[in-house]
Amino acid sequence: MKRETILTGDRPTGCLHLGHYIGSLASRVRLQHSCDQYVMIADTQALTDNFKTPEKVRENVVEVALDYLAVGIDPDKTVIFIQSLLPQLAELTMYYLNLVTWNRLKHNPTVKLEIKQKAFGENIPAGFMTYPVSQAADITAFKATLVPVGEDQKPMIEQTNEIVRHFNRLYNTEVLVECRAEIPEMARLPGIDGQAKMGKSLNNAIYLGDPEDILKKKVKQMYTDPNHLKVEDPGKVEGNPVFIYLDAFGEDVQKIAELKDHYRRGGLGDSVVKNYLFEELNKFLTPIRERRVAFSKDKGEVLRLLMEGTRKAYAKAEETLQEVKKVMHLDYKF
Ligand code: TRP
């Protein structure tokens, strides 16, 4: 079987949390051994809704890189790079914009939801409206066949493939390659407040770099079964974030099954389950936290790794751009 190429990435608008881990980081760590993987720190995309605070985006480029390194995305196996350093991506975006209708962009479900959340009103920046096209440029520049992302990104993959098919048909070529999303079974992790999704803006996240005392505090605050008032009361396990987290991060399946039974029967207090969850999460996060601290002692080295990755990514994107320009009759000798 042909080796797959992966392109994926994150907007550097904050540190990464357990939701990112479940949604995509775990797949990336696993797939880097068998695939050619590119992971992009999407600072250009982050600016589409953070253009007023570029310094925040800049700071978070390093934070996201630290999260990647801490969870075990290995720069010897994965090309980690910074989006804004690749002018090829902006150039491809310009060409693809001709192949997409304004109406299609308005109906992209992810964009629609984000517009609502961000309260742009009538003043939606054109750069934000068109970011799915820029994302198609990111993916196609690397001829990615596989994109491990959370389920909210599915419409982006669909739109990318529409652009690929349109482009190849129009210019009678096979230069661009279609991709598929790899969405994990547990596509999203609820927030500690019980909301369906963990998110920075929702203020309900546990971060990969959270120190032990903060982790303890957050687990203590966690939303559980609101009807489980007294220890003796029978409790609900399904949809209970504490048990969802245990399923996702706990190691002792047997013990988790016993706790669930006991909770359902009644007689098991939330605090006992939470203490156990804290132990399990802390076991999972401690090595990540320690690696994060170690890498953050030498940010110069982190930046050096990013530049090394960016140079590799630049060469690949340039190759594709030249192929694209050739079929578009833009292959001048200059
Ligand atoms: N849209 C993604 C996010 O919000 C980031 C991203 C940009 C991305 N380009 C991508 C993800 C290409 C996968 C593939 O986190």
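Just above sits the structure.
Here is a short report on the structure shown in this document.

## A closer look at the state of the cysteines
Right, on to step 1. By the definition in use, this model includes zero disulfides.
Right, on to step 2. No disulfide involves Cys35; its sulfur sits 13 Å from that of Cys179, the nearest cysteine.
Right, on to step 3. Residue Cys35 is classed as buried on the basis of its relative accessible area of 5%.

## A closer look at the environment of Val242
Right, on to step 1. Take Val242: it is sitting in helix α11 (residues 241–249).
Right, on to step 2. Residue Val242 is classed as buried on the basis of its relative accessible area of 1%.
Right, on to step 3. Residues within four places of Val242 in sequence aside, it is in contact with Met222, Tyr223, Thr224, Val273, Lys274 and Leu277.

## Observations concerning the packing of aromatic side chains
Right, on to step 1. Throughout the structure, instances matching the rule amount to 10 aromatic pairs.
Right, on to step 2. Their ring planes at 75 degrees and their centres at 4.9 Å tell us that Tyr21 and Phe284 sit as a pair that is edge-to-face. In this pair, Tyr21 is assigned in helix α1 (residues 18–31) and Phe284 in helix α13 (residues 270–296), connecting sequence segments 263 residues apart.
Right, on to step 3. Ring centres of Phe167 and Tyr171 lie 4.9 Å apart, and the angle between their planes is 65 degrees; this geometry places the pair in the edge-to-face category.
Right, on to step 4. On the basis of relative accessible area, Phe167 is assigned to the buried category, the value being 1%.
Right, on to step 5. Taking relative accessible area as the criterion, Tyr171 reaches 27% and is therefore assigned partly exposed.
Right, on to step 6. One residue, Arg11, lies across the ring of Tyr131, its end atom 4.6 Å from the ring centre.
Right, on to step 7. The residue whose ring lies beneath Lys255 is Tyr276, and the NZ or CZ to ring-centre distance is 4.4 Å.

## Points about the pattern of salt bridges
Right, on to step 1. Going through the model one piece at a time under the given rule, you end up with 23 salt bridges.
Right, on to step 2. Between Arg11 and Glu114 there is a salt bridge, and its shortest N-O distance comes to 3.0 Å. Of this pair, Arg11 sits in the loop between β1 (5–10) and α1 while Glu114 sits in helix α6 (residues 109–118), and the two are 103 residues apart along the sequence.
Right, on to step 3. Residue Glu114 is classed as buried on the basis of its relative accessible area of 11%.
Right, on to step 4. As a salt-bridge pair, Arg292 and Glu63 come within 2.9 Å of each other at their nearest N and O atoms. Of this pair, Arg292 sits in helix α13 while Glu63 sits in helix α3 (residues 54–71); the two residues are 229 residues apart in sequence, bridging distant segments of the chain.
Right, on to step 5. A residue is classified by how much of its surface remains accessible, and Arg292, at 12% relative accessible area, is buried.
Right, on to step 6. One network of salt bridges, in which partners are shared, links Arg11, Asp49, Glu114 and Lys118.

## Examining the packing of α11 against α13
Between two packed helices, both the angle of their axes relative to each other and the distance between the axes serve to describe the pair.
Right, on to step 1. Where α11 contacts α13, the two axes come as close as 10 Å, and the packing angle between them is 35 degrees. The way α11 lies across α13 gives a crossing that is left-handed. Together, Val242, Phe243, Tyr245, Leu246 and Phe249 of α11 and Val273, Lys274, Tyr276, Leu277, Glu280, Leu281 and Phe284 of α13 make up the contact between the two elements.
Right, on to step 2. Broken down by class, the residue content of the contact of α11 with α13 amounts to 10 nonpolar, no polar and two charged.

Cut-offs and rules
Residues numbered from 1 in each chain as written. Predicted model: local features only at pLDDT ≥ 70, side-chain atom pairs only at ≥ 80, totals over all residues. Heavy atoms only, no water. Disulfide = S-S within 2.5 Å. Buried < 20%, exposed > 50% of the residue type's maximum accessible area, 1.4 Å probe, protein only. Helix = DSSP H or I, 4+ residues; strand = E, 2+ residues; numbered from the N terminus. Contact = heavy atoms within 4.5 Å. Phe/Tyr/Trp six-rings, centres within 6.5 Å; stacked < 30°, edge-to-face > 60°. Lys NZ or Arg CZ within 6 Å of the ring centre and 35° of its normal. Salt bridge = Lys/Arg side-chain N within 4 Å of Asp/Glu carboxyl O. Axes fitted to C-alpha atoms, helices over the stretch in contact; angles between N-to-C directions. Left-handed = near helix turned anticlockwise from the far one by under 90°. Nonpolar A, V, L, I, M, F, W, Y, C, P; charged D, E, K, R; others polar.

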